[in-house]
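Here are the chains, one letter per residue:
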Amino acid sequence: MAEIICGKTVSAAKRLDIKNRVEELKNKGITTGLAVIIVGNNSASRVYVNNKKKACEEVGIESFEFALPEETTQEELLNLIDKLNNDSKVDGILCQLPLPSHIDEQAVINSIDPKKDVDAFHPENVGHIMIGDYTFLPCTPAGIMEMLKFYNIDVKGKKCVVIGRSNIVGKPMAMLLLKENGTVEICHSRTENLKEETLTADILVAAVGKAYFVTEDMVKDGAVVIDVGMNRNDEGKLCGDVDFDNVKEKASFITPVPGGVGPMTITMLLENTVRAASQK
Ligand code: NAP
């Protein structure tokens, strides 16, 4: 039976450290501020934005919210980002995704000053992650690395299988595991014989977006299983990509949903914001 990796515990320890660093900066007369932009009425995005603002308050980071209507043009959004790029009170800029379909997301990401890109989505920061010399880490993968460290799970030499190759989770996750000397494989929807691949994993990361996708028969005995998924099951309940109840009997460590990766993602956003402020 697996040990449960508690994202809330790791998160609380990390947030305390961030709070102290924000306070130290304040004592030197340096404020820490995060601008959060939300466009339209996506209810999930609203929940995420509220959680991010609340987390900022808890650690003493000032948050500035910009809630724009659905019909906001790309030009209006880019103008706002330009203003925030030049505002010294704003250390980090986060534009909540997804954006309405008439706005080009990559153009918006590209317009954020890389020094304020606390999501680490800007191509310049993505390049830094590839090289392994970075200021900002992509929040979800970085949160996972913090959890592994907290539970003394050594990545070095381990076979790591990541299911999912998105720019925000799968690809950067693979890079961070590689940096810690894991032997990394990325799987995706065109992978043949997925189960054959996942069964080789000492560390299995699921970032697929499909409820209960990873079943017990896909997991090696004693594997560490990290569940990034945030899905709704048939009853509308929040659940991950992993069939938690059955997989936990086989794994050595496992993250639950909720209470696993989710809390860490916001914590690493706070980490990136305080790093940005420290570099002012
Ligand atoms: P995404 O962009 O939709 O990517 C999903 C990936 O899964 C794709 O690479 C896709 O392959 C792969 N995939 C889909 N079906 C597959 C199959 N049958 N077999 C193997 N691979 C398959 O999603 P994402 O943004 O990475 O997010 C993944 C999940 O994590 C979602 O549930 C999301 O809500 C959640 N998430 C959680 C957090 C958090 O803080 N907890 C943060 C971010 C995301 P192809 O590339 O071939 O299409």
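Everything here concerns the structure above.
First, a word on what this report is: a plain description of the structure on this page. In this text the structure is predicted, and so the values were computed from the model without any measurement. (Residues numbered from 1 in each chain as written. Predicted model: local features only at pLDDT ≥ 70, side-chain atom pairs only at ≥ 80, totals over all residues. Heavy atoms only, no water.)

What to know about the sheet that holds strand β7 (residues 203-206)
The strands making up a sheet associate through hydrogen bonds between their backbones, and the pairing can be parallel or antiparallel. In space, the six strands of this open sheet follow the order β1-β11-β8-β7-β5-β6, with parallel pairing throughout. Two strands in the sheet have a free side with no partner beyond their single neighbour: β1 (3-4) and β6 (183-187). Where β1 and strand β11 (residues 253-254) come together, two bridges link them in parallel fashion. Across the sheet, the residue bridging to Glu3 is Phe253, located in β11. (Pairing = 2+ DSSP bridges. Helix = DSSP H or I, 4+ residues; strand = E, 2+ residues; numbered from the N terminus.)

Examining the state of the cysteines
Scanning the model with the defined rule gives zero disulfides in all. Cys6 provides the cysteine sulfur closest to Cys239, a residue in no disulfide bond, and the two sulfurs are 19 Å apart. (Disulfide = S-S within 2.5 Å.)

Notes on unusual backbone geometry
The linkage connecting Leu97 with the following residue, Pro98, adopts the cis geometry, with an omega of 0°. Considering the arrangement of structural elements, one finds Pro98 in the loop between β4 (92-95) and α4 (105-111). The omega torsion across Val257 and Pro258 is 0°, close enough to zero to call that bond cis. Locating Pro258 in the fold gives a position in the loop between β11 and α10 (261-278). Of note in the backbone geometry, Asn152 takes a positive phi value of approximately 55° without being a glycine. Locating Asn152 in the fold gives a position in the loop between α6 (139-150) and β5 (159-163). Judged by relative accessible area, which is 69%, Asn152 ranks as exposed. (Buried < 20%, exposed > 50% of the residue type's maximum accessible area, 1.4 Å probe, protein only.)

Quick look at the site of the ligand
In the vicinity of the ligand there are 22 residues, among which Arg165, Ser166, Ser189, Met230 and Thr265 approach most closely. Here an oxygen atom of the ligand and a side-chain polar atom of Ser189 are 2.5 Å apart. With the chains in place, 71% of the 930 Å² that the ligand exposes on its own is no longer accessible. When residues in the shell around the ligand are grouped by element, the largest group, three residues, is from α10. (Near = heavy atom within 4 Å. Polar contact = N/O pair within 3.5 Å; in protein donor to acceptor, adjacent residues only side chain to side chain. Areas by Shrake-Rupley, 256 points an atom, 1.4 Å probe, with all protein chains shown as cover.)

Here we look at empty space enclosed by the protein
Scanning all chains against the criterion turns up two cavities of 30 Å³ or more. Around the largest cavity, the lining residues are Ile93, Leu94, Cys95, Leu97, Val108, Ile109, Ile112, Asp117, Asp119 and Phe121. Elements supplying a minimum of two residues to the lining of the largest cavity: β4 and α4. For the lining of the largest cavity, the leading source of residues is β4, giving three residues. Its residues placed into classes, the lining of the largest cavity shows eight nonpolar, no polar and two charged. Estimated volume of the second largest cavity: approximately 40 Å³. Around the second largest cavity, the lining residues are Ile38, Val39, Gly40, Asn42, Ser45, Gln96 and Pro98. (1 Å grid on protein atoms, 1.4 Å probe; cavity = no way out; pocket = protein on both sides within 12 Å on 5 of 7 lines; lining within 4 Å. Points joined across faces, edges and corners; volume = space filled by probe spheres on them. Nonpolar A, V, L, I, M, F, W, Y, C, P; charged D, E, K, R; others polar.)

What about the side chain of Arg15?
Within the secondary structure, Arg15 sits in helix α1 (residues 7-27). With a relative accessible area of 17%, Arg15 lands in the buried category. A distance of 2.8 Å separates polar atoms of two side chains, one belonging to Arg15 and the other to Thr267. Excluding residues within four positions of it along the chain, Arg15 makes contact with Ala55, Glu58, Val59, Pro263, Ile266, Thr267 and Leu270. (Contact = heavy atoms within 4.5 Å.)

Considering the pattern of salt bridges
This structure, assessed with the given rule, holds 15 salt bridges. Between Glu249 and Lys248 there is a salt bridge, with its nearest N and O atoms 3.5 Å apart. According to the relative accessible area criterion, Glu249 is partly exposed, its value standing at 45%. Relative accessible area serves as the criterion here: at 16%, Lys248 is assigned to the buried category. When salt bridges with common partners are traced through the structure, they connect Lys14, Asp17, Arg21, Glu146, Lys149, Glu271 and Arg275 into a single cluster. (Salt bridge = Lys/Arg side-chain N within 4 Å of Asp/Glu carboxyl O.)

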